[in-house]
Amino acid sequence: MAFDAQGPHVWPIAPDWSDGMREQLTWSTEILTASATAVTTHRSLWEGPRRRLTFDLFDADREFRLAQMLLGGWGGAWLLPIWPDQQWLATTVWPESTSVACRTAGFDFVEGGQVLLYRDAQRWEVAEVAQILPAGLELAAPVLGSYGRGGRLFPLRRAYAEQGARSRFTNARTARVSLAFDLAEPSNWPALDTLPMYRDHPVIDTRPNEDDEASATVARQVEAVDYGAGLPFVHDLAGVSLRQQSHHWLLHGRADHARFRSLLYLLDGSRVPVWVPSWASDLAAAAPIVGNSTTLTVQYAGYTQFGMGQPNRRDLSIELVDGTVHRRRVTGSAHLGDVEVLTLDAALASSTIGPGRIRDISFLSLCTLASDTVQIDHINDQDGLAKASTAWQGVVPDA
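Residues numbered from 1 in each chain as written. Predicted model: local features only at pLDDT ≥ 70, side-chain atom pairs only at ≥ 80, totals over all residues. Heavy atoms only, no water.

### Quick look at the side chain of R327
Next up, step 1: With respect to the helices, strands and loops of the structure, R327 is situated in strand β21 (residues 325–336).
Next up, step 2: No salt bridge is formed by the buried R327; its nearest oppositely charged neighbour, D205, is found at 5.7 Å. (Helix = DSSP H or I, 4+ residues; strand = E, 2+ residues; numbered from the N terminus. Buried < 20%, exposed > 50% of the residue type's maximum accessible area, 1.4 Å probe, protein only. Lys, Arg positive; Asp, Glu negative; His and termini not counted. Salt bridge = Lys/Arg side-chain N within 4 Å of Asp/Glu carboxyl O.)

This is how it looks when you write it as structure tokens:
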């Protein structure tokens, strides 16, 4: 299909993947905080996230001229291929075909939505999806052209190009163009429902990418009074500290991408609290954990004096080297010389667990996302790699 006055306005020029592609998902959450207790209430203001795709084009000769004409000649909504969701056609789609054999799990297809059959910037066709099946798509109307092995298939979404796209000219015939598209239709996705539960809230159970440095801070809700005539006075309003931490994620393949996206939709921006381990060795076992015992002996860390009862310090994630994870609440603590003896709300196991079998004893913090915006950096398409980061804000547990 070629462009015509009545035809769809498809953005047909593929991105330059040498710099990857950035996808931004943004929610809107209203947060009200009680100054005396630091307890928060969270309310979502949007039904779903707003979505932006940012990428570069490296245009030469014909594509350079086409890009300039597209940007200058149309100011309405484009049909934007969701470039990270590409897949190569494994079988030929012939004229008059009403179905396309393809993978559908983990792709951004929508019944009643549109897809793009694509060979290059001048040979493509838009089709409407009537039904999504495990092994392919049923189309609402027959295909007009032929798309053989090596052609590509993309979901399509209506989107507006950000104004002021910047072109950087290498010479008279080549340029690098930076583009950002804001999607103009809902981007629905299933929320993750397979996380383990602890005290009525989901638990993040996948360790982050530890090749990238994580960070953490402890913040208090303080207010300073300074009349300018003496030293300021600082009020610790709620009397509690709330942990803030950030982690990095490396996504391998479509299943990882789909699960992470589902996690973001579960979190709904900063609305839904989840338990997040520090994934640090916050406490170190100083003696075996005796079978059926509810006591945990750890090396002295000042927990009894400063940690006991604090919102981000009373729940533990005890991970063994075999991958088993026990989550327990600390109900009591005693300082005995070089060790501290913690009382747990339940025993860990019927058999004794030696310190050598324990990988980490980490604090569990009840958190929401610290920001309503999360960015996914697609290194290549979603069958490949992507990176993402999440910043977490501790909240006061409700139980």
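There is more to say, and it comes next.
### Concerning the packing of aromatic side chains
Next up, step 1: Within the structure shown, the criterion is met by twelve aromatic pairs.
Next up, step 2: Ring centres 5.3 Å apart and planes at 90° place the aromatic pair W11 and W78 in the edge-to-face group. Here W11, found in the segment before β1 (21–26), pairs with W78, found in strand β5 (residues 78–81); they are 67 residues apart in sequence, far enough to count as distant. Take W11 and W78: they sit in the same class, and that class is buried.
Next up, step 3: Between the aromatic rings of W83 and F154, the centroid separation amounts to 4.9 Å while the plane-to-plane angle is 70°, which identifies the pairing as edge-to-face. Here W83, found in the loop between β5 and β6 (87–88), pairs with F154, found in strand β11 (residues 152–161); they are 71 residues apart in sequence, far enough to count as distant. (Phe/Tyr/Trp six-rings, centres within 6.5 Å; stacked < 30°, edge-to-face > 60°.)

### Things to note about unusual backbone geometry
Next up, step 1: Notably, R199 is not glycine yet its phi reads approximately 50°, a positive angle.
Next up, step 2: Assignment of secondary structure puts R199 in the loop between β14 (197–198) and β15 (201–202).
Next up, step 3: With a relative accessible area of 30%, R199 lands in the partly exposed category.
Next up, step 4: Even without being a glycine, D268 presents a positive backbone phi close to 55°.
Next up, step 5: Position of D268 among the secondary structure elements: in the loop between α2 (253–267) and β18 (274–277).

### Quick look at the pairing of strand β24 (residues 373–378)
The two faces of the sheet receive side chains in turn, since in a regular strand these alternate between them.
Next up, step 1: Of the two faces of β24, only one is covered, namely that formed by V374, I376 and H378; the face formed by T373, Q375 and D377 stays uncovered.
Next up, step 2: Judged from the six bridges that link them, β1 and β24 form a sheet pairing that is antiparallel. The residue bridging M21 from the neighbouring strand is H378, located in β24.
Next up, step 3: Alignment of β24 against strand β25 (residues 385–394), held across three bridges, turns out to be antiparallel. Looking across to β25, one finds that H378 is bridged to A386.
Next up, step 4: Between β24 and β25, which pair antiparallel and follow one another directly, the connecting turn spans six residues. (Pairing = 2+ DSSP bridges.)

### Side note on the pattern of salt bridges
Next up, step 1: For the structure on display, the rule yields 23 salt bridges.
Next up, step 2: D345 serves as the salt-bridge partner of R199, at 3.0 Å between the closest nitrogen and oxygen. Placement of the pair is R199 in the loop between β14 and β15 and D345 in the loop between β22 (339–344) and β23 (358–369), with a sequence separation of 146 residues.
Next up, step 3: Looking at D345, the relative accessible area reads 36%, which means it is partly exposed.
Next up, step 4: Its salt-bridge partner being R207, residue E210 comes within 2.8 Å of it at the nearest N-O pair.
Next up, step 5: Given a relative accessible area of 48%, E210 falls into the partly exposed group.

### Digging into α2
For an α-helix the count is 3.6 residues per turn, leaving residues at separations of three or four pointing the same way.
Next up, step 1: The end-to-end C-alpha distance of α2, which contains 15 residues, comes to 22 Å, matching closely the 21 Å that a straight helix rising 1.5 Å per residue would cover.
Next up, step 2: Listed as buried for α2 are G253, R254, H257, A258, F260, R261, S262, L263, L264, Y265, L266 and L267.
Next up, step 3: D268 sits one or two residues past α2 and shows a positive phi near 55°. (Expected span 1.5 Å × (residues − 1).)

### Brief notes about the nonpolar core
Next up, step 1: Ranked by size, the top nonpolar core spans 27 residues in total, and within it W11, F55, L57, L80, L116 and F181 carry the most contacts.
Next up, step 2: Elements with a contribution of two residues or more to this core: β4 (50–60), α1 (62–73), β5, β8 (114–120), β9 (123–133), β11 and β13 (174–183).
Next up, step 3: Beyond its immediate stretch of four places on either side in the chain, L116 contacts V10, P81, W124, E125, V126, R152, L153, F154 and L156.
Next up, step 4: With 25 residues, the next largest nonpolar core counts L251, A258, L264 and V374 among its residues. (Core = buried A, V, L, I, M, F, W, Y, C linked by side-chain atoms within 4.5 Å. Contact = heavy atoms within 4.5 Å.)

### Observations concerning the environment of K387
Next up, step 1: Relative to the assigned elements, K387 resides in strand β25.
Next up, step 2: The class of K387 is partly exposed, set by a relative accessible area of 39%.
Next up, step 3: Between the C-alpha atom of K387 and that of S246, which follows or precedes it by 141 residues, the distance is 14 Å.
Next up, step 4: What K387 contacts, discounting residues up to four positions off in sequence, is W249, L250, Q375, I376, D377 and I379.

Keep in mind these values describe shape, not function.
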